[in-house]
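What follows is the residue order along each chain.
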Amino acid sequence: MKVLLLASAYNGLCQRVDRELLSIGHDVFIELCADQTVIEGTVERIKPDLILCPFLKHRVPESVWRHYPCLIVHPGIEGDRGPSSLDWAISEFRATWGVTLLQADQEMDAGDIWGTQEFPCRTASKGSLYRREVSQSATFLIKQALVDLPREAFQPRPLDYNNPAVLGRERPLMKQPDRAIDWHSDTTATIVQKIHAADGFPGVKDCLNGVDFYLFGVREGKRYPTAEPGQLLGHCEEAVCRATVDGSVWIRQLKPVPAPGETTSKLPAMRALARSALAEQCSQLPAISGEGFSDIQVEREGSVVYVHFDFYNGAMNTEQCRGLLAQLRILRADPSVEVVVLMGGEDFWSNGIHLNCIELADDAAAESWRNINAMDDIVECLLTNTDQMTVAALRCNAGAGGAVLSQACDYVVARSGVVLNTHYKTMGLYGSEYWTYVLPRRVGERFAHQLIEGCEPLLVDEALDWGMVDELLPEDWALYHRELKEYCQSLVSDRQEWQNALEHKRLTRERDEQKCPLANYRREELRRMKATFDDPHSDYHRLRHRFVYKLSCGRTPARLQREPGQSVEAVSA
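Residues numbered from 1 in each chain as written. Predicted model: local features only at pLDDT ≥ 70, side-chain atom pairs only at ≥ 80, totals over all residues. Heavy atoms only, no water.

Trainee: Before we move on, can you summarise the overall build of the protein with the specific residues and values?
Mentor: In terms of helices and strands, the protein carries 20 helices and 21 strands. Here the C-alpha radius of gyration of the protein, 24 Å, is about what a compact globule of 573 residues would show, namely 25 Å. Dimensions of the protein, computed from C-alpha atoms along their principal axes, come out at roughly 65 × 65 × 50 Å. Per-residue burial for the protein yields a buried fraction of 56% across its 573 residues. Side chains of the protein carry 63 positive and 81 negative charges; the gap between the two charge centres is 2 Å. (Helix = DSSP H or I, 4+ residues; strand = E, 2+ residues; numbered from the N terminus. Rg over C-alpha atoms; globule rule 2.2 N^0.38 Å. Buried < 20%, exposed > 50% of the residue type's maximum accessible area, 1.4 Å probe, protein only. Lys, Arg positive; Asp, Glu negative; His and termini not counted. Charge placed at Lys NZ, Arg CZ, Asp CG, Glu CD.)

What follows is the structure, given as structure tokens:
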């Protein structure tokens, strides 16, 4: 059937729904513009059988929902209404939460119910819950709705607050006074939940030594008995530690509160402080180590080592890349390590270079160059490591250089439902990370260039067919990790097979090096990248600025505009 995705942005959930529906044979069209006239025109042109709204911040025009079945994904339990659903659920320490698929109606979130699904509400940020539990539940409900739609016997049920099973209620927009932290009375757990509930957007507005910031990205720290609540205690890498009444919290990202007419952006906390009136105080903060806070953590089971690099939003700045490279080199020099597993982060595997740090650097072109070379060094380390097997454990979405980074590993083991964006063009870049070598060797020249030029997201289920993924494991988080560890241990369980695999890897690397040295791939990619970086009028600088400051173009990008009769299919080998 013809399905129109009406959304406020082509976010991770929207991308997943798009690819999932294409993979089961539906014709999918996309409209990202909020203008009523544009929406009405799109609907009239396509005449969809169903309109789906996976991520919508604006109202669906009445002229549309009265004439077409129009289903909205709401990240709340049945009966929950309002724009701050997850924010309230997290702030109230809810043990369970849910997703409801409902029909558009006159009142927001009050239409007939097509389906609802609940999930355990773990202690995590709003964005993390959205990307994992909400995404999984929403996809299930949407696919079920497509089954139910043609069934005459199916009827959605009206929202009934008299039903004792309906536990949700209408809630207002959560505002900054609702989120405010009282450092002299709020416990560590309360502060963590408040920042979790505002993570991604809008952040928690707070005053740090007289300067206002929005706080993002929080982790619990240890107790400092003599510290004053709210006091800045020190830093680890680029996060800062603040004392609480019963412990401390690590704050990873800060965004200056803008003056009227000004726009600001998130930065790693220490960088944000260094650019503020607190620069001098910031320079005197002591380094704190030994708490296990570092974004890079190593876990070992026998000869298999799991390397976690949980960088905020998957962005990897120059220093983070160098830290990861140093860790990989340490492991490479250890003869007792036989398999290195790259785990990425809890919410993203990797999204490549850090555009925010580049945008706010003194010299964006120079920082771009430093950052891309640091990424390339990681890939080179992986490609030239012929003494160990490497595994990319794609637990979460990956994009741009991060998606290509995964392809440099010997094996790629993905969690079902993960989306890859293996391209750079939407940021005006040719791309690096040795993509001209690692992609063609897995998928061939034609499809490698199709990935780079087409800028389409790819489900790992599709990537499996092309050889970009070697093993597809369940979406359930715990089950994925259990099966991942079984898979990695199996690589070293048969000594002869492991040695044969290493020997094959060495011979292949020698053959490929003779055919075309790795240095040649890197030189040509970086030649093109540097020309783009050094051109102040290149699309890269303009697109990066718009990305960092969340400036929408207000319309559906040309690459996503599909017309009736246009062949758009899921990618299959």
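Resuming the write-up.
Trainee: A description of the sheet that holds strand β17 (residues 398-399) should follow, citing residues and the corresponding values.
Mentor: Sheet architecture is open: 3 strands sit in the order β17-β19-β20, paired in mixed fashion. On the outer flanks of this sheet lie β17 and β20 (458-459), each paired with one strand and no other. Pairing between strand β19 (residues 419-421) and β20: 2 bridges, direction antiparallel. Across the sheet, the residue bridging to Leu 420 is Leu 458, located in β20. Across the face of the sheet, helix α1 (residues 12-23) comes into contact with β19 and β20 while running at roughly 100° to β19. (Pairing = 2+ DSSP bridges. Contact = heavy atoms within 4.5 Å. Axes fitted to C-alpha atoms, helices over the stretch in contact; angles between N-to-C directions.)

Trainee: Provide a residue-level description of the side chain of Asp 87, including the pertinent values.
Mentor: Take Asp 87: it is sitting in helix α4 (residues 85-91). Look past the residues within four positions of Asp 87 in its chain and what remains in contact with it is Lys 126, Met 174, Arg 179 and Ala 197.

Trainee: Talk me through unusual backbone geometry; I want residue IDs and the actual numbers.
Mentor: The peptide bond linking Phe 201 to Pro 202 adopts the cis configuration, its omega dihedral lying at 5°. Position of Pro 202 among the secondary structure elements: in the loop between α7 (188-198) and β7 (204-208). Phi angles above zero are rare outside glycine, and Asn 313 is one such case at about 60°. Positionally, Asn 313 belongs in the loop between β14 (304-309) and α10 (318-332). The partly exposed category is assigned to Asn 313, whose relative accessible area is 34%. The backbone phi angle of Tyr 434 is positive, close to 60°, even though this residue is not glycine.

Trainee: For the pairing of strand β13 (residues 296-301), give the residues involved together with the corresponding values.
Mentor: In terms of strand pairing, β13 meets β14 through 6 bridges, oriented antiparallel. Looking at the pairing, Val 298 lines up with Val 307 of β14.

Trainee: Tell me about the environment of Asp 27, and name the residues and values.
Mentor: Secondary-structure assignment places Asp 27 in strand β2 (residues 27-31). Separated by 25 residues in the primary sequence, Asp 27 and Lys 2 place their C-alpha atoms 4.8 Å from one another. The contacts of Asp 27, once residues within four sequence positions are left out, are Met 1, Lys 2 and Val 3.

Trainee: Can you explain the environment of Glu 346? Please cite residues and give values.
Mentor: As for its position among the elements, Glu 346 is in the loop between β15 (339-344) and α11 (355-359). Using a relative accessible area of 32% as the deciding quantity, one classes Glu 346 as partly exposed. Leave out the neighbours within four places in its chain, and Glu 346 touches Arg 132, Asp 310, Arg 395, Cys 396 and Trp 477. Reaching out from Glu 346, the side chain makes a polar contact with the side chain of Arg 395 at a distance of 3.5 Å. (Polar contact = N/O pair within 3.5 Å; in protein donor to acceptor, adjacent residues only side chain to side chain.)

Trainee: Outline the sheet that holds β15, listing residues and values.
Mentor: Within a sheet, adjacent strands bond to each other through the backbone by hydrogen bonds, running parallel or antiparallel. The strand order across the open sheet built from 6 strands is β13-β14-β15-β16-β18-β21, with neighbouring strands paired in mixed fashion. Two strands in the sheet have a free side with no partner beyond their single neighbour: β13 and β21 (471-473). Each strand of the sheet is rotated relative to its neighbour by a mean of 20°, with strand direction disregarded. Taken together, the 4 bridges between strand β16 (residues 389-394) and strand β18 (residues 411-415) define a ladder with parallel strand orientation. Counterpart to Ala 392 in the pairing with β18 is Val 412.

Trainee: Help me get a handle on the packing of aromatic side chains, residues and values and all.
Mentor: Applying the stated criterion to the full structure yields 9 aromatic pairs. An angle of 70° between the planes, with centres 6.4 Å apart, marks the rings of Phe 55 and Tyr 130 as edge-to-face. Of this pair, Phe 55 sits in the loop between β3 (50-53) and α3 (62-65) while Tyr 130 is found in helix α5 (residues 126-148), placing the two residues 75 residues apart along the sequence. Overall, the relative accessible area of 22% leaves Phe 55 in the partly exposed class. On the basis of relative accessibility, which here comes to 18%, the residue Tyr 130 falls in the buried class. With a centroid separation of 5.2 Å and 45° between ring planes, the pair formed by Tyr 437 and Tyr 521 is classed as tilted. Taken together, the residues span a long stretch of sequence, with Tyr 437 in helix α14 (residues 435-443) and Tyr 521 in helix α19 (residues 518-534) at a distance of 84 residues. An identical accessibility class is assigned to Tyr 437 and Tyr 521; each is buried. Grouped by ring-pair contacts, the aromatic residues Phe 309, Phe 311 and Trp 349 constitute a single cluster. It is Lys 485 that lies over the ring of Tyr 306; its NZ or CZ is 5.4 Å from the centre. Looking at Arg 528, its charged tip hangs above the ring of Tyr 430, at a distance of 4.3 Å from the centre. (Phe/Tyr/Trp six-rings, centres within 6.5 Å; stacked < 30°, edge-to-face > 60°. Lys NZ or Arg CZ within 6 Å of the ring centre and 35° of its normal.)

Trainee: Residues and numbers for the nonpolar core, please.
Mentor: Counting residues in each nonpolar core, the largest one holds 94 residues, and the members touching the most others are Phe 213, Leu 254, Leu 273 and Ile 378. It is helix α12 (residues 364-383) that provides the largest number of residues to this core, a total of 10 residues. Once residues within four sequence positions are removed from consideration, Ile 378 is found in contact with Met 316, Cys 321, Leu 324, Leu 325, Leu 328 and Leu 405. Listed in part, the 38 residues of the second largest apolar core include Val 17, Leu 22, Leu 71 and Leu 146. (Core = buried A, V, L, I, M, F, W, Y, C linked by side-chain atoms within 4.5 Å.)

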